Amino acid sequence: GIQVEQSPPDLILQEGANSTLRCNFSDSVNNLQWFHQNPWGQLINLFYIPSGTKQNGRLSATTVATERYSLLYISSSQTTDSGVYFCAVFGSSNTGKLIFGQGTTLQVKP
Amino acid sequence: GAVVSQHPSWVICKSGTSVKIECRSLDFQATTMFWYRQFPKQSLMLMATSNEGSKATYEQGVEKDKFLINHASLTLSTLTVTSAHPEDSSFYICSASQGGTDTQYFGPGTRLTVL
């Protein structure tokens, strides 16, 4: 099956810093989603991004499907950005199943 | 829009009892619902996929007689953990979509502790 790898596994930032999180996947995918899991466990949809670039406030994401990776950019980080960031892909079998990476744990210090 | 709720948000039960968790899509019709399990500091593991009116499809290694899933309507799916044991303690999360590779929206999760 498809393998999804995220890097780095852990990241500590000072408030105001920028960061880039990476998601590599091993095969063709129909789509890709980025999520933020807050400290209470809620998964929040950030981006649904099969290809190209999208921006939402301080966050942006780019997926290069032909090279099998996606990047999540966080600019001017805030303490509320802390949590775990997951990318998840839909396999090409069109089953709707999401395959999750292991996540990047981000801690933003004041 | 696209809100998914779960109830209860946390539950503590005794070993051997059964626990039911509800997942509702509040403002859209969910053709497909998914149930995940998450252990501390780990990623989400898909347990099963359910389509409204059909039997759930379980992932390899998930006991279908232990984790009963019912998707009786386009807005409600339930997961029943039968004869719960301490090793079933985990964070259970549902998601809902309008089918295919459409965006999945996640519920807030249910933390189950079995004593």
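Residues numbered from 1 in each chain as written. Chains lettered and ligands numbered in written order. Predicted model: local features only at pLDDT ≥ 70, side-chain atom pairs only at ≥ 80, totals over all residues. Heavy atoms only, no water.

### Here we look at the pairing of strand β2 (residues 10-13) of chain B
Residues and elements named next belong to chain B.
Part 1: Residues Val-11 and Cys-13 of β2 are buried on one face, while the alternating residues Trp-10 and Ile-12, pointing to the opposite face, are not.
Part 2: Pairing geometry for β2 and strand β11 (residues 110-114), over 4 bridges, is parallel. Paired with Trp-10 across the bridge in β11 is Arg-111. (Buried < 20%, exposed > 50% of the residue type's maximum accessible area, 1.4 Å probe, protein only. Helix = DSSP H or I, 4+ residues; strand = E, 2+ residues; numbered from the N terminus. Pairing = 2+ DSSP bridges.)

### A word on unusual backbone geometry
Part 1: Note that the residue after Ser-7 of chain A, namely Pro-8 of chain A, is joined by a cis bond; omega there is -10°.
Part 2: When you line up the elements, Pro-8 of chain A lands in the loop between β1 (4-7) and β2 (10-14).
Part 3: Here the residue pair His-7 of chain B and Pro-8 of chain B is connected by a cis peptide bond, since its omega of 0° sits within 30 degrees of zero.
Part 4: Within the element layout of this structure, Pro-8 of chain B appears in the loop between β1 (4-7) and β2.
Part 5: Located in the positive-phi region is Lys-41 of chain B, a residue other than glycine, with phi close to 60°.
Part 6: Mapped onto the elements of the fold, Lys-41 of chain B is located in the loop between β4 (32-38) and β5 (44-51).
Part 7: One non-glycine residue, Ser-83 of chain B, lies in the positive phi region at around 45°.
Part 8: Within the secondary structure layout, Ser-83 of chain B lies in the loop between β8 (76-81) and β9 (90-97).

### Topic: the sheet that holds β8 of chain B
Residue and element names in this part refer to chain B.
Part 1: What the 4 strands build is an open sheet, ordered β1-β3-β8-β7; its pairing is antiparallel. Each edge of the open sheet is held by one strand with a lone partner, namely β1 and β7 (67-73). Pairwise comparison of adjacent strand axes, ignoring direction, gives a mean angle of 15° for this sheet.
Part 2: Sheet analysis places β7 next to β8, joined by 5 bridges and oriented antiparallel. In the strand pairing of β8, Asn-70 is matched with Thr-78. (Axes fitted to C-alpha atoms, helices over the stretch in contact; angles between N-to-C directions.)

### Structural notes on the side chain of Thr-104 of chain A
All names here are of chain A.
Part 1: Along the chain, Thr-104 falls in strand β11 (residues 104-109).
Part 2: Judged by its relative accessible area of 0%, Thr-104 is buried.
Part 3: Apart from the residues within four sequence positions on either side, Thr-104 is in contact with Gln-6, Ser-7, Pro-8, Pro-9, Leu-11, Leu-21, Gly-83, Val-84 and Tyr-85. (Contact = heavy atoms within 4.5 Å.)

### Points about the side chain of Thr-78 of chain B
All names here are of chain B.
Part 1: Position of Thr-78 relative to the elements: it lies in strand β8.
Part 2: Since its relative accessible area comes to 9%, Thr-78 is described here as buried.
Part 3: What Thr-78 contacts, discounting residues up to four positions off in sequence, is Lys-20, Ile-21, Glu-22, Trp-35, Leu-68, Ile-69 and Asn-70.

Remember that the coordinates give geometry; whether it matters functionally is a separate question.
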